[in-house]
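Overview (structure and organization)
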Amino acid sequence: MERLPLDVVLDILSRLPVTTLAQSKSVCRSWRSIIQGSVLVDKHLLRMSEPENDPCIIFQSPPPILDHYYFVDFAAYSERNKRLKSFWVSTMHGKLVASSNGLLCFCNSSAIHICNPLTRDSVELPKLSSYPAGLGILGFGFSPTTKEYKVLDIIYQRKRLRSDSHLAPFQSKVRIFTLGDSQWRSLGMAPYQFIARQSQVTVSGRLHWISQPGEVLMKDRIISFDLTAEQFQAVPLADHVTLERRFFELVALRGHLCVAASNASCGLDIWVIKEYNVKESWVKEFIIGGYLPKELRITNGRTPFFKSDFRAVCSFKGRKILLKLWRKDLVLYDPVHERFEDPMFEGALQWHEMVVHVGSLVSI
């Protein structure tokens, strides 16, 4: 390798799975210097973030052991290497919020942490005031324009009324923190109220949530937050996109924003917006049936799915889609052959929380 030009070495190393790259730091001092250098870190992250590359999945163990985590690197996954890798991060029993460019965001009742599980870099953000009567939603992402990582905090509180005869409407307070700054900044009020469940999706430098139905029309149910402009806006839905009000979620597949909506057969319809913010570019790309093969029906305990029994997590080469089932078991769906497969990860446990993750050696 020492006889090769540096640019050739960088190109070769940038194609390795991040777990292999992390192990390669131990080969020698020169390799360690190259692998930890910003040029390779940026080059590798750019390549791994391309839609045609398979992601990692980070799993968080259930309470009360919230500090235990597992991951599987699908770029390095094979039939001979099917065991989940475990790692430990000291986040004081923090909940896993989101992943961005290899950095993870955790929160608990008293602190928010950002860390890289491979490099073990970690930072605690400045404290936020507590809101006992509030309902908080956190977002975490990267602005490709400003090259900044940002944490968004949205707190909902009921307005004070003179009479207790009926519930007061919610009012919001929005704050943002840019990694590297010393304090949070106020952004005023959020014009929408979001559903407090894990449906945050980051696409095109924007965070996305589902808004509460209320009086809002279905076409205004997907809301984005631009991490560069620091503004909210509704994502337009085409008139032909049909979504049931009871259940639909957001997911990012191959770099595109998607809506996974329940259908009449207790399966999922997955709508994909091919060109971001172009209303007419929504396409129903996948129709996933509501039944599993016999061997998986036995494993998972019942024959048909109901409305909220499974959701899309991410997609892979060959268009296979990873689904999380009602008991948080995982299956792969092959839309080409219309069949389900059991990925059979050794060491996998039920009731994990999980996020899609692009492993990197990015420093905080």
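Residues numbered from 1 in each chain as written. Predicted model: local features only at pLDDT ≥ 70, side-chain atom pairs only at ≥ 80, totals over all residues. Heavy atoms only, no water.

You'll find the protein entered in an unreviewed UniProt entry as F-box domain-containing protein, with Hibiscus sabdariffa given as the organism.

All right, on to the packing of helix H1 (residues 6–13) against helix H3 (residues 29–36) then. One can describe the packing of H1 onto H3 by two numbers: an axis separation of 11 Å at closest approach and a directional angle of 75°. Relative to H3, the element H1 lies roughly perpendicular. Here Leu6, Val9, Leu10 and Leu13 of H1 come into contact with H3, specifically with Trp31, Ile34 and Ile35. Looking at the contact of H1 with H3, its residues break down into seven nonpolar, no polar and no charged. (Axes fitted to C-alpha atoms, helices over the stretch in contact; angles between N-to-C directions. Helix = DSSP H or I, 4+ residues; strand = E, 2+ residues; numbered from the N terminus. Parallel < 35°, antiparallel > 145°, perpendicular 65-115°, else oblique. Contact = heavy atoms within 4.5 Å. Nonpolar A, V, L, I, M, F, W, Y, C, P; charged D, E, K, R; others polar.)

This paragraph deals with H1. Since one α-helical turn is 3.6 residues long, residues separated by three or four positions face the same way. Among all positions of H1, only Val9, Leu10 and Leu13 are buried. Down the axis of H1, the buried set is contained in an arc of 100°. They therefore lie on one face. Buried residues along H1 sit against helix H2 (18–24), H3 and helix H4 (38–48). (Buried < 20%, exposed > 50% of the residue type's maximum accessible area, 1.4 Å probe, protein only. Arc of directions from axis to C-beta.)

Within the open sheet, the four strands sit side by side as S16-S17-S18-S19. Their pairing is antiparallel. The open sheet has two free edges, formed respectively by strand S16 (248–253) and strand S19 (282–288), since each of these has just one partner strand. Pairs of neighbouring strands in the sheet enclose a mean axial angle of 30°, with direction left out of account. Note that strand S17 (residues 256–262) and strand S18 (residues 268–273) share five bridges and pair antiparallel. Of the residues in S18, the one forming a bridge with alanine 261 is aspartate 269. (Pairing = 2+ DSSP bridges.)

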